[in-house]
Amino acid sequence: MTVQALYTKLCDPRFQQPENGDLFYNFFIYQYPADKEYEMRRQIEEFKANLIRPTSYVDVLTLNLFDEFCTYLDGQHFLKYPSMLQYLLEQEQSQPDKADKVLSTLQRHAHSEKFLRFLHDRIMHHITLEDEYHRPYVFFYGIGSMFPYLRVNELLAAYEDYNDTEKYRILVFYPGHREENSFRLFNTLSDHHTYRATLLINDE
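Predicted model only: the values in this text are computed from it and were never measured. (Residues numbered from 1 in each chain as written. Predicted model: local features only at pLDDT ≥ 70, side-chain atom pairs only at ≥ 80, totals over all residues. Heavy atoms only, no water.)

*Asks:* I'd like a description of the pairing of strand β2 (residues 61–64), backed by residues and values.
*Replies:* Put simply, side chains in a regular strand alternate between the two faces of the sheet. With burial as the criterion, each face of β2 is covered, one bearing L61 and L63 and the other bearing T62 and N64. Of the pairings in the sheet, the one linking β2 to strand β3 (residues 137–141) comprises 4 bridges and is parallel in character. What sits directly across from L61, in β3, is V138. (Buried < 20%, exposed > 50% of the residue type's maximum accessible area, 1.4 Å probe, protein only. Helix = DSSP H or I, 4+ residues; strand = E, 2+ residues; numbered from the N terminus. Pairing = 2+ DSSP bridges.)

Dropping the structure here:
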């Protein structure tokens, strides 16, 4: 699916009605060449700016998962530190030989219920705003920046307990491609099969 075809799909009133979709899952994957990462990030912002215009009145929530993770960590207290993020950054800089422990801590937090709840609260705050806008979409991007802390299939599987398929669709922007039942992040790193997600196929 080309970028223009994706935008056309996002503008489709039928696709903008999550309650008319699949009853069990609402995850969609849009894959693109890894070297187009920053071009795609600009495109995501363009999608958001165009969809909110009076022709559509669609307000998209765009979540850079890495930025969200950093914000989450920054709000977590640890011992005397008001910020877990600041603590881990200091540990990594002052004790580089303990980088593996920092990585393990980051992975544990990325898989935690508290981080899932943080994302869920961000989404629910957005879709429950009361004004003239329609809010059927949540965009996840920054997938590559979250590796190796959290893989896409792990995130989507874990988010099942919070997901409300009748209220919104989650579109994951994935820098890579599929090989049989495995996704290749950056066309190199195996990300395994993505759990219960519809791949938006490139038809050209």
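*Asks:* If you had to explain helix α6 (residues 113–127) to someone new, which residues and values would you point to?
*Replies:* Counted at 1.5 Å a residue, the expected span for α6 with its 15 residues is 21 Å, and the 21 Å between its end C-alpha atoms agrees. Within the span of α6, buried status applies to F115, L116, L119, H120, I123, H126 and I127. Summarising the axial view, the buried residues of α6 lie within an arc of 140 degrees, below the 170-degree limit, and thus occupy one face. When the buried face of α6 is taken as reference, the exposed residues oriented beyond 90 degrees from it are K114 and H125. Residues of α6 that are buried in the fold lie against β2, α3 (65–74), α5 (99–110), β3, α7 (143–146) and α8 (152–159). (Expected span 1.5 Å × (residues − 1). Arc of directions from axis to C-beta. Contact = heavy atoms within 4.5 Å.)

*Asks:* Give a detailed account of the nonpolar core, specifying residues and quantitative values.
*Replies:* Within the largest apolar cluster, 36 residues are counted, with the highest numbers of intra-cluster contacts made by F69, I123, V138, F140, Y159, I170 and V172. At 5 residues, α6 tops the list of elements feeding residues into this core. Among the nonpolar cores identified, the runner-up in size contains 20 residues, and I44, F47, Y141 and L171 belong to it. (Core = buried A, V, L, I, M, F, W, Y, C linked by side-chain atoms within 4.5 Å.)

*Asks:* Go over helix α4 (residues 84–94), please, and point to the residues and values.
*Replies:* Given 3.6 residues to a turn, an α-helix orients residues that are three or four positions apart in the same direction. Within α4, the full set of buried residues consists of M84, Y87, L88 and Q91. Down the axis of α4, the buried side of the element spans an arc of 95 degrees, and every buried residue falls inside it. In this structure, α4 carries Q93 and S94 as exposed residues pointing more than 90 degrees from its buried face. Against α3 and α5 lie the buried residues of α4. Its side-chain oxygen at 3.3 Å from the backbone nitrogen of L85, S83 defines the N-terminal cap of α4. (Polar contact = N/O pair within 3.5 Å; in protein donor to acceptor, adjacent residues only side chain to side chain.)

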